[in-house]
4 protein chains.
Amino acid sequence: MNTFGHIYRLTSFGESHGQAIGGVIDGMPSGIDIDLDEVQRQLDRRRPGQSAIVTGRQEKDRIEILSGIFEGKTLGTPIGFIIKNTDQHSNDYEAMRHCYRPSHADLTYQTKYGIRDHRGGGRSSARETASRVVAGALAMQALAGLGIKIHAYTSQIGGIALNRGYESLDLSETDGNAVRCPDRDIAASMESLLKEVKADGDTVGGIVSCVIKGVPAGLGDPVFGKLHARLADAMMSINAAKGFEYGMGFAGASCRGSEVIDSFTAGDGGKIVTASNHSGGIQGGISNGENIYFRIAFKPVATLLKNVDTVNDRGEAIILKARGRHDPCVVPRAVPIVEAMAAIVLLDAVLLNRTARI
Amino acid sequence: MNTFGHIYRLTSFGESHGQAIGGVIDGMPSGIDIDLDEVQRQLDRRRPGQSAIVTGRQEKDRIEILSGIFEGKTLGTPIGFIIKNTDQHSNDYEAMRHCYRPSHADLTYQTKYGIRDHRGGGRSSARETASRVVAGALAMQALAGLGIKIHAYTSQIGGIALNRGYESLDLSETDGNAVRCPDRDIAASMESLLKEVKADGDTVGGIVSCVIKGVPAGLGDPVFGKLHARLADAMMSINAAKGFEYGMGFAGASCRGSEVIDSFTAGDGGKIVTASNHSGGIQGGISNGENIYFRIAFKPVATLLKNVDTVNDRGEAIILKARGRHDPCVVPRAVPIVEAMAAIVLLDAVLLNRTARI
Amino acid sequence: MNTFGHIYRLTSFGESHGQAIGGVIDGMPSGIDIDLDEVQRQLDRRRPGQSAIVTGRQEKDRIEILSGIFEGKTLGTPIGFIIKNTDQHSNDYEAMRHCYRPSHADLTYQTKYGIRDHRGGGRSSARETASRVVAGALAMQALAGLGIKIHAYTSQIGGIALNRGYESLDLSETDGNAVRCPDRDIAASMESLLKEVKADGDTVGGIVSCVIKGVPAGLGDPVFGKLHARLADAMMSINAAKGFEYGMGFAGASCRGSEVIDSFTAGDGGKIVTASNHSGGIQGGISNGENIYFRIAFKPVATLLKNVDTVNDRGEAIILKARGRHDPCVVPRAVPIVEAMAAIVLLDAVLLNRTARI
Amino acid sequence: MNTFGHIYRLTSFGESHGQAIGGVIDGMPSGIDIDLDEVQRQLDRRRPGQSAIVTGRQEKDRIEILSGIFEGKTLGTPIGFIIKNTDQHSNDYEAMRHCYRPSHADLTYQTKYGIRDHRGGGRSSARETASRVVAGALAMQALAGLGIKIHAYTSQIGGIALNRGYESLDLSETDGNAVRCPDRDIAASMESLLKEVKADGDTVGGIVSCVIKGVPAGLGDPVFGKLHARLADAMMSINAAKGFEYGMGFAGASCRGSEVIDSFTAGDGGKIVTASNHSGGIQGGISNGENIYFRIAFKPVATLLKNVDTVNDRGEAIILKARGRHDPCVVPRAVPIVEAMAAIVLLDAVLLNRTARI
C-alpha cells in the first residue's frame, strides 16, 4: 500500500533514518521537458530548517534521478529517484527504542508488524512526504502544458483564520512569508502565534486551503473514482491530516438547497458556466470546468518540547523528556505537500480521462 | 472506476432507470453464514418512501443473490447480485433529456462521455448506493464474528446539531425515529425542520456521525492505505458528501498539542490503552484498538420543488419546473450507506492485515 | 481475483448451477454503437449442443444487458449483464457432493475454501467463460472501428495437426465445420477422430491458433504489461489451457538467431516493416504493426464416459460411474473464448496506450 | 506497468545505461530474517561475465538496500534498492541512436513513446531483470520458512534437449556447469554447441524447466488469478520468452483423457494425493500439493556478431556492424531469473491465500 494512483503512480519507500528515501514514478507520459531545478525548488519548500519557526534539522534533501529522464525529457519509462538521509542523528533516538510516544505511530507499527525502526518515526515520519513532492513537482510540469495550475496556502493556524476565499487573495504572495499565508497581516499574526507556541514548548494545528485553476471539464471517474474522493484520499494520506472538505464543505450542512445550487448560465462563446461555485468545481465526481477548491485540517504536532507521560514497551509509565528539533506547526511545510498530492491526482485524472472515449 | 476495495471488492453497476442495478462482491472469505433477511433489512433502511419526510418513490428494492452463497454459506467465489428497477416512471424524465439540472451531474456526464442516460440522473443517481448497502451488509456479517460493530447516526440537519459525542448517546435509539438521530428531543426538532423545509419546496444539508467499536489494533496500511484515508475515500464517494473528518477533525486545527495528545496508560491485563481518544482510534494510519469515529458532511439535495433557472443543451436559458419525488435531506437515508461503506473498508483492512506477517 | 484488465475490465461471477452467471464490464469507452445480436451470436458459438460432436446440454444462454448501454450506444458506465442458468439438472450432480473427480478442481476448491458448490464444477466450470465471450464480443465492436480483427481456429485435435500457418488459410472457412478448422480436409479428419474418441467414452486434447490483424504499432506496456504476457495471462486463464506460445514459440528454442531475426525494410510510404515475422508482431512487449499470432494448448477433457477410480471426501477409494453430457474435446468451443480474451486484452491495450503521451 | 504482484509487489525501474536500476518491493511481511549475502549470490548468478560462454561485460551488480530491512529483519515497510550501472561503455552505443536493430525493441519503443534511450536497449535491456532477481531472492527467504523450494535448470539449448523429467535429475548439479544443465553429459554437449555458435557469430534459443517443491495445497485464485496463469504472466514477462507450458503442456494436445487423468489415492496419513502428475500440481488454478513444474521457451539472442541488414530512423537501408559483448544464448542466465519470478508469484499467492478464510 505504498503506491498511489492508477495511471500516474508513485511508489514510495524509505524510513526517516535509513539510507535513503525515494520512489518510483510510473506512468509519466513520454516527451515532457523536465526542469530538475524546479523539482529541487519544490523539495526545498518542504525541507525542514527554512526559517526560525520551523525545525532546525538541516538535511540537504538533494533529489537524485536514476532513470526515466533522458536528455532532459521523460522517456515514458519509470522514474526512479532517491533522496539520501544525511543528517540522521540516530543516537538522538536510541532512547525511543523502548518508548511509545503519545499520538505517534510507534505503538501501532509495533503492534501491526511486531518490529519497527524506532529512529525518528521510521516509516511513519513525515520525511516520507519528500518523495511525494518529487512526484508532484514532476506532475506539475506535465500539467503546466495543459494550463492547469495548483495553489495551496495556509488559511488557519490555531485560532487565527483567514476568513476570505481564494478569489480575494493574491496567491503569488503565499511564499512571501514563513507561514505561507497570502494575507500579510494575518501571516504576521500567525508568525507571532507560532513564536509564542514554540516558546511554550507546545504545538498547534491549522488548515491548508488549495485551489486548482484551469481544470478542463470531464476529469474524474464515477462512482469510485470521483475526483473529490481521489483528492480526499490523497490529502488524508498526508501525515497529521484530520479532515477534508471541498466546495461548500461542512458549512453546506447548515445550508438550504435554494441558497447553494449553482445556476447554469451561458458564458463566453456559448460555453455553459455556473453563476456560483458552491460545488467546488466538481459535480457528480467529474470536474465541470470551474475552479476546484478544498481545505485540509491538520492536527497539532504530537511532539512537544515538554516532558510528557507515556509508557514503555513493557507497559510501564515513564516520562518522555523533551528534546529534538520539531516544528510547532506542520501547516507551512504541508503547503507544498498538498500541492504535490493534488498534482498527482490531477495528472492521473487527465490520463484516465484519455480512455473515456475511443 | 466502479470497483472499491483491495481484497474485499465491490464492483457496482446500474443506472437509476435501467433494467436493474447490482454488483459483484469479490474476495469475501468462504464459510461465513449469511442471513439474507438481514441484508434485505439493511436495504430497506436505505429505501425511499419510509416515512413522511422522505420521497414517496416506492421501489421494492428486493435483493436477488445470483452466486457465491451456497446452502447459506459463502463459497469464497464472487457474489453477484441484482436489484431490479421496478418503479421507474421514466416518462417523468423525458423533459430532462435536453435540460441540465443545476448542481447535478447532468452536464458533467454529458461533457465527459458525450452521452448520458438522462432518466433520473442515470448512473449519477444515489440509487446506485443500494449496491453498496448490499456489500456492506454482507461485510458486517463477516465483521460481526470478529466483534466489530458499526453505528452511524444523524448528528446534524441544517442548523440543528447534536452537540454530544457518541459516548453519551444510546445508539440503539438511532432507528427509533425518522431522522435517525439517537437523541429523541433533537430528533423531534430535526423532523420539524424537515417538514418546514419540505413545505417551502426547499432542501437542507446535514452531517452523519459514525463510530466503529471493537476494532482490533493493526488495521490499515501505511502510507497510501491509511485506514482513515480509506474511510475518507469511501465516504466521499457517497453522493452529496462534501467533507470528512475523523477524531478531532477540523476542530483540531484550533488546538494546541498539549490539549490533544492521547497519553498512553496501562489498561486491563497490561494492554496499552490511551487515556483520551482525540486521535479517533487511528495513529499513523493504523488502528490502535480504541473506537474509530468520524463525520461526513452532506450538502442539501440539489433538486428543489421550486421552479429554477437553468440552461438546456443548446445553452439557452430555461425554467426547470418543480416536479417529482425527492427527499428534503439525504442524511437520514445516508446513515445505512455510511455504515455499509465503513463495513467494506473494515473488512478489507482485516483481510489485508492477514498478510502483514507470514 | 475475478477481474481481468486494467482499463477495460471484466469482473465475472457465477457458478455453473446457481441462479445465473454474468459480469460487469467497466471501462468501456462511451458512444460506441452496440449490436446485441452479434453479442448473442458469439455466445451461441460457445454454447454447448451445437453439433453431434459436442455435449447435448441445451442451455439457451440468453444475454441480458442490465446497464451501460442506452439507446444502442455505450454510456461509458459499467455494463452489467447476466445469463440465467436454465438447464441445470442439478440432481445429476448430487452424487458428486462427496466425490472428487480426478483432474478436476473439486478437491482443490474444497481444500482452499473448506466448501464448494459441487454441482457441475460450480465456479470451476467452463460455463463461466460465457461471461468472457460477452465482454469479448463487446470489445470486438470497439476494436472493429479501429480496424483490428481477431481470428482463432482449431489447428490440432489429438494427433491431427494443421501444419500450415494462418497466411495460407482461408480463415472465413473456420465456422464452416463443427471443429472450426479452416482446412476442410483436415477438419473432416478431426471430426472422424472426435467421433471415434467419443465412441470410446474417451476425450482428446488440441490446439487453438489465433491471429490478430490490423494491430497498430505501440500497444503493450513494458516491463510487466508486455502485450504477449497479457495475452499469455488471458489465455492461460481459460479452462483446460496448458500452454501458450507466440511468434516462433517453442520452435524458436531450436533455432539460430541468424535464421529468425526479422529484418527491417522500408515498406509502402516509407513505413518500416519487417521482412519476416518470427517475432509474432510484438518486440520488447510492444506491437510492431505486423500480425500478432499465438497458440494455446488444451488438455483432454477430464470427464470420461468410462468408470474411473477415485476417492470420496473420506479418502475412500470409489468408482465414479460414467454419466452426464460432455464434449470429447474442448477445442472447437474454445475458439470463440480465445477470440474473446484476445479482444479484451487488445482493447485494454489500446486504451492504456492513450496515456503514453500527453 | 512496471509493477508485478498483488500483495508482494515489485515495482522496477531503470535503463541499462542510466545511473542505476532498482526497485521497490512492497508487501513483504515483517519479521523475516534476511541474508543479504544470499541475495547478492543470486544476483551474481544472473550477472554477465561468469564464464567463457557468456558476455564479457563486467558489472559488479552490487545490491544496495535503502529501506525496509532493519537490524537484519524485514520491517513490513517497502524495501527500496538500487544496483548502480558501473560498466556502461555508452560510447559503444552512439552508433545506435539512429539505428533500429532487427528483432529488438528499438523501433517499438521509438514508435510508442516518440523517444528512447538508445544506449544498450535502455529500458528494454535484460539488465532490468536484475531487479527481479533481488525481489525473488528476498521472496525465497520468506518461502524457505514455509518449506517451498524452487529449482530451475536448462533443459534445452538449440537442438540439444534433456529428455528426462525433473524426477530423475539431481538438481543440486544445476550450477555445476556453465550452462546450468543438471545432466553433466548433456551439459557438455550444450557447452560445445554454444562455443560453436559463438564462433559462428551466431546465437541460439533454448528452454528453461522449473519445478517447485513443497507447495501447500490451496494457492491460486480463480478465475483470473489462476496460479498457472500468474506463472505464465511472470515468465512471459522475461526478455526473450516465447512460450510457456505447465504440467503436460503442449504434449497434452495429442493425448487422450484416459492417458492423462491424475487418479486420486489415499496417501500417507489419509492425505489425498494423485497417482500421477500430468496436471503439474495445479487443478482449476489452485495448487493441489503436488510438485508444480513448467517450461519456458526462449528465442535466440537477436544481437549477432555478424553484419546485418537493417534500416535507420529515416527508413534507409544500412548495415549494422558486428560489435559488442553478447551471450550466444540467454538460457543459462535466465535460470535464476525464472526462479526469481516463480518466487515472487509463489509468495504473492501464499499471502493472498491468507485472505481466503477469515
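The shown structure was predicted, so the numbers you read here are calculated from the model rather than taken from an experiment. (Residues numbered from 1 in each chain as written. Chains lettered and ligands numbered in written order. Predicted model: local features only at pLDDT ≥ 70, side-chain atom pairs only at ≥ 80, totals over all residues. Heavy atoms only, no water.)

Trainee: Explanation requested: the overall build of chain A in the structure shown.
Mentor: A count of helical and extended segments in chain A gives seven helices and 19 strands. Taken over C-alpha atoms, the radius of gyration comes to 21 Å for chain A, in line with the 21 Å a tight globule of 358 residues would show. Viewed in the frame of its principal axes, chain A has a C-alpha envelope of about 70 × 50 × 35 Å. For chain A, the share of sequence-separated contacts (at least 6 apart) that also reach a separation of at least 24 residues comes to 70%. A total of about 10,900 Å² of accessible surface is found on chain A, and carbon and sulfur atoms cover 47% of it. Counting 40 positive and 40 negative side-chain charges, chain A places the averaged centre of each group 3 Å from the other. (Helix = DSSP H or I, 4+ residues; strand = E, 2+ residues; numbered from the N terminus. Rg over C-alpha atoms; globule rule 2.2 N^0.38 Å. Contact = heavy atoms within 4.5 Å. Areas by Shrake-Rupley, 256 points an atom, 1.4 Å probe, with all protein chains shown as cover. Lys, Arg positive; Asp, Glu negative; His and termini not counted. Charge placed at Lys NZ, Arg CZ, Asp CG, Glu CD.)

Trainee: Explanation requested: the relation of the copies chain C and chain A in the structure shown.
Mentor: Superposition of the two copies of the chain requires a rotation about an axis together with a shift along that axis. Relative to chain A, chain C is turned by 180° and slid 0.0 Å along the rotation axis, the superposed coordinates differing by an RMSD of 0.0 Å. Interpreted geometrically, this transformation is the action of a two-fold axis. Nearest to the rotation axis, the C-alpha of C:Arg354 is located 3.0 Å from it, this being the minimum over chain C. When the interface residues of chain C are mapped onto chain A, 100% of them again fall at the interface, so both copies present the same face. (Least-squares fit on C-alpha atoms with pLDDT ≥ 70 in both.)

Trainee: What is the right way to look at the sheet that holds strand β2 (residues 9-13) of chain D in this model?
Mentor: Residue and element names in this part refer to chain D. One open sheet holds the five strands; their spatial order is β1-β2-β3-β7-β4, and the pairing between them is antiparallel. The sheet terminates laterally at β1 (3-4) and β4 (63-65), the two strands that pair on one side only. Pairing analysis gives five bridges linking β2 to strand β3 (residues 20-26), with the strands arranged antiparallel. If you follow Phe-13 over to β3, its bridge partner there is Gly-22. (Pairing = 2+ DSSP bridges.)

Trainee: Help me understand the environment of C:Lys242 in this model?
Mentor: With respect to the element layout, C:Lys242 can be found in strand β12 (residues 241-246). Separated by 55 residues in sequence, C:Lys242 and C:Ala297 place their C-alpha atoms 5.4 Å apart. When neighbours within four sequence positions are excluded, C:Lys242 is seen to be in contact with C:Met236, C:Ala297, C:Lys299, D:Phe244, D:Glu245, D:Tyr246, D:Gly247, D:Met248, D:Gly249, D:His278 and D:Ser279.

Trainee: Honestly, the interface of chain C and chain D in this entry has me stumped. Any pointers?
Mentor: Across the boundary between the two partners, chain C contributes 110 residues, which contact 110 residues of chain D. At the boundary of chain C with chain D, total buried surface from both sides reaches about 7,900 Å², with 62% on carbon and sulfur atoms. Summed over the three residues of chain C that lose the most area to chain D, namely C:Met1, C:Lys112 and C:Phe224, the buried surface amounts to 12% of that side. Seen at the junction of chain C and chain D, the total is six salt bridges. Two residues, D:Arg256 and C:Glu196, come together in a salt bridge whose shortest N-O distance is 3.2 Å. Applying the counting rule to chain C against chain D returns 49 residue pairs in polar contact (both at pLDDT 80 or more). Broken down by element, the side of chain C that touches chain D gets its largest block of residues, seven residues, from helix α2 (residues 106-113) of chain C. (Buried area = accessible area lost by both parts, 1.4 Å probe. Salt bridge = Lys/Arg side-chain N within 4 Å of Asp/Glu carboxyl O. Polar contact = N/O pair within 3.5 Å; in protein donor to acceptor, adjacent residues only side chain to side chain.)

Trainee: Even after reading the chapter, I still don't get the pattern of salt bridges, so can you show me in this structure?
Mentor: Close approach of charged atoms lets side chains of opposite charge pair. Counted according to the given criterion, the structure contains 100 salt bridges over all chains. A:Arg45 is paired through a salt bridge with A:Glu339; the nearest N and O atoms lie 2.8 Å apart. Placement of the pair is A:Arg45 in helix α1 (residues 36-46) and A:Glu339 in helix α7 (residues 331-353), with a sequence separation of 294 residues. The exposure class of A:Glu339 is buried, given its relative accessible area of 6%. One salt bridge connects C:Asp175 with C:Arg180, and the closest N-O pair in it is separated by 2.9 Å. Using a relative accessible area of 38% as the deciding quantity, one classes C:Asp175 as partly exposed. A single network of salt bridges, built from pairs that share partners, joins A:Arg45, A:Asp175, A:Arg180 and A:Glu339. (Buried < 20%, exposed > 50% of the residue type's maximum accessible area, 1.4 Å probe, protein only.)

Trainee: Would you mind going over the sheet that holds strand β18 (residues 308-312) of chain B with me for this structure?
Mentor: Residues and elements named next belong to chain B. Spatially, the three strands line up as an open sheet ordered β8-β18-β19, and their pairing is antiparallel. A single partner strand is all that each edge strand has here, and the edge strands are β8 (99-100) and β19 (317-320). Two elements, β18 and β19, share four bridges in a ladder whose sense is antiparallel. When the bridges of β19 are listed, Val-308 appears paired with Leu-320.

Trainee: What is the right way to read the interface of chain C and chain A from this model?
Mentor: For interface size, the figure often reported is the accessible area lost on association. At the interface, 14 residues of chain C touch 14 residues of chain A. Between chain C and chain A, the buried area comes to about 1,200 Å², and carbon and sulfur atoms account for 67% of it. Among the residues of chain C in contact with chain A, C:Arg354, C:Thr355 and C:Ile358 are the three that bury the most area, contributing 51% of the side total. Counting every contact that joins chain C to chain A gives zero salt bridges. The leading source of residues in the side of chain C that touches chain A is helix α7 (residues 331-353) of chain C, at three residues. When its residues are assigned to classes, the side of chain C that touches chain A shows 10 nonpolar, two polar and two charged. (Nonpolar A, V, L, I, M, F, W, Y, C, P; charged D, E, K, R; others polar.)

Trainee: Just to check I follow, could you spell out the relation of the copies chain C and chain D for this structure?
Mentor: The transform that puts chain C on chain D rotates by 180° and translates by 0.0 Å along the axis, for an RMSD of 0.0 Å. A shared interface surface links the copies, since 100% of the contact residues of chain C are contact residues in chain D too.

Trainee: Explain the side chain of B:Asp221 to me, please; I cannot follow it from the model alone.
Mentor: Tracing the backbone through its elements, the reader meets B:Asp221 in the loop between β11 (206-213) and α5 (227-236). When sequence neighbours within four positions are dropped, the list of residues in contact with B:Asp221 reads A:Met1, A:Lys112, B:Lys226, B:Gly285 and B:Leu352.

Trainee: Before we go on, may I ask you to explain the pairing of strand β11 (residues 206-213) of chain C in this structure?
Mentor: Each regular strand carries side chains that alternate between the two faces of the sheet. All names here are of chain C. Counting buried positions over the eight residues of β11 gives seven, a clear majority of the element. Relative to β11, strand β9 (residues 149-157) runs antiparallel, the two sharing eight bridges. Bridging from a neighbouring strand, Tyr-153 pairs with Ser-209 of β11. Note: β11 against strand β17 (residues 292-298), seven bridges, orientation antiparallel. Within the sheet, the bridge partner assigned to Ser-209 lies in β17 and is Arg-295.

Trainee: Explain the side chain of B:Asn2 here, please?
Mentor: In this fold, B:Asn2 is placed in the segment before β1 (3-4). A polar side-chain atom of B:Asn2 sits 3.0 Å from a polar atom in the side chain of B:Arg123. Apart from the residues within four sequence positions on either side, B:Asn2 is in contact with A:Pro222, A:Val223, A:Phe224, B:Leu10, B:Thr11, B:Ser12, B:Arg123, C:Arg9, C:Asp26 and C:Pro78.

Trainee: Is there a simple way to think about unusual backbone geometry in this case?
Mentor: Keep in mind that most residues, glycine aside, have a negative phi and that most peptide bonds are trans. Going from A:Pro222 to A:Val223, the amide bond is cis rather than trans, its omega being -5°. When you line up the elements, A:Val223 lands in the loop between β11 (206-213) and α5 (227-236). Notably, A:Glu71 is not glycine yet its phi reads approximately 55°, a positive angle. Within the secondary structure, A:Glu71 is located in the loop between β5 (69-70) and β6 (73-74). The class for A:Glu71 is exposed, based on a relative accessible area of 53%. At D:Ala240, a residue that is not glycine, the phi angle is positive and equals roughly 80°. You can see D:Ala240 is positioned in the loop between α5 (227-236) and β12 (241-246). Residue classification places D:Ala240 among the partly exposed positions, given a relative accessible area of 22%.

Trainee: What should I look at first to understand helix α7 (residues 331-353) of chain D in this one?
Mentor: One full turn of an α-helix is made of 3.6 residues, so residues set three or four places apart face in the same direction. For α7(D), which comprises 23 residues, the first-to-last C-alpha distance of 32 Å matches the rise-based estimate of 33 Å (1.5 Å per residue) to within 8%. The element α7(D) is largely enclosed, with a buried count of 22 among its 23 residues. (Expected span 1.5 Å × (residues − 1).)

Trainee: How do you make sense of the nonpolar core when you look at a structure like this?
Mentor: One finds A:Phe294, B:Phe294, C:Phe294 and D:Phe294 to be the most contacted residues of the largest nonpolar core, which totals 345 residues. Setting aside its immediate chain neighbours within four residues, D:Phe294 contacts D:Val208, D:Ser209, D:Cys210, D:Ile212, D:Leu231, D:Met235, D:Phe244, D:Glu245, D:Tyr246, D:Val338 and D:Ala342. (Core = buried A, V, L, I, M, F, W, Y, C linked by side-chain atoms within 4.5 Å.)

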